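Inside the fold
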Amino acid sequence: MYCRKYHKPLKGMSPATANKIREYHWPGNVRELRHCMERAVILSENQVLQPEDFLFSAAAAGDEGIMFENYNLELVEKMVIRRVIEKHRGNISHAADELA
């Protein structure tokens, strides 16, 4: 649905991504799932959605902070941008103000 809406090639989902989505408790229910899927489709640069394409609120996911498997600057920046967008519930203007 979102691939068509944003004229993106149809994306698949890795098994690790499916597990991450299944294990999350979805406090926002279907609406939150839809927003996460939409954001992942828009921001993902891969044909297959990866676990890092889905950012859940730290409190809901039980995270203590951002952990990286490697510290590639491009990947770190991408993660921080996604976290700020999540923090501002998809409001790009507010996220941009915080990142400026």
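1. A closer look at the side chain of R82
Considering the arrangement of structural elements, one finds R82 in helix α5 (residues 73–87). Those residues in contact with R82 that lie beyond four places of it in its chain are L43, S44, E52, D53 and L55.

2. What to know about the environment of Y2
Inspection of the secondary structure puts Y2 in helix α1 (residues 2–5). Placed 39 residues apart in sequence, Y2 and V41 show a C-alpha to C-alpha distance of 6.6 Å. Setting aside its immediate chain neighbours within four residues, Y2 contacts R34, M37, E38 and V41.

3. With respect to the packing of aromatic side chains
Per the counting criterion, the structure on display carries one aromatic pair. Taking the centre distance of 4.7 Å and the plane angle of 85 degrees together, the rings of Y24 and W26 count as edge-to-face. When its relative accessible area of 13% is taken as the criterion, W26 is described as buried.

4. Observations concerning the pattern of salt bridges
Enumeration over the complete set of coordinates arrives at five salt bridges. Notably, a salt bridge pairs E86 with R39, separated by 2.5 Å at the nearest N-O pair. Of the two residues, E86 is situated in helix α5 and R39 in helix α3 (residues 29–43); the sequence distance between them amounts to 47 residues. The exposure classification of E86 matches that of R39, with both residues buried.

5. Some details on the environment of F56
Among the secondary structure elements, F56 is positioned in the loop between β2 (48–49) and α4 (58–61). On the basis of relative accessibility, which here comes to 6%, the residue F56 falls in the buried class. When the C-alpha positions of F56 and I21 are compared, they lie 9.7 Å apart, and in sequence the two are 35 residues distant.

6. Here's the deal with the confidence of the model for the chain
A low pLDDT means the predicted coordinates there should not be read in detail. Averaged over the chain, the pLDDT score is 82; the fraction of residues at 70 or greater is 86%. Taken as a whole, residues 58–64 scores under 50 in pLDDT and shows seven contacts with residues more than four places along the chain or in a different chain.

7. Quick notes on unusual backbone geometry
What is expected of a backbone is that most residues other than glycine have negative phi and most peptide bonds are trans. Here the phi dihedral of H7 falls at roughly 55 degrees; this positive angle occurs in a residue that is not glycine. Although it is not a glycine, R89 sits at a positive phi angle of roughly 50 degrees. Within the element layout of this structure, R89 appears in the loop between α5 and α6 (92–99).

8. As for α3
Look at α3: 21 Å from first C-alpha to last across 15 residues, which is about the 21 Å you get at 1.5 Å a residue. Listed in full, the buried residues belonging to α3 are E32, C36, E38, R39, A40 and V41. Its buried side turned inward, α3 meets α1, β2 and α5.

What counts and how
Residues numbered from 1 in each chain as written. Predicted model: local features only at pLDDT ≥ 70, side-chain atom pairs only at ≥ 80, totals over all residues. Heavy atoms only, no water. Helix = DSSP H or I, 4+ residues; strand = E, 2+ residues; numbered from the N terminus. Contact = heavy atoms within 4.5 Å. Phe/Tyr/Trp six-rings, centres within 6.5 Å; stacked < 30°, edge-to-face > 60°. Buried < 20%, exposed > 50% of the residue type's maximum accessible area, 1.4 Å probe, protein only. Salt bridge = Lys/Arg side-chain N within 4 Å of Asp/Glu carboxyl O. pLDDT = per-residue confidence, 0-100. Expected span 1.5 Å × (residues − 1).

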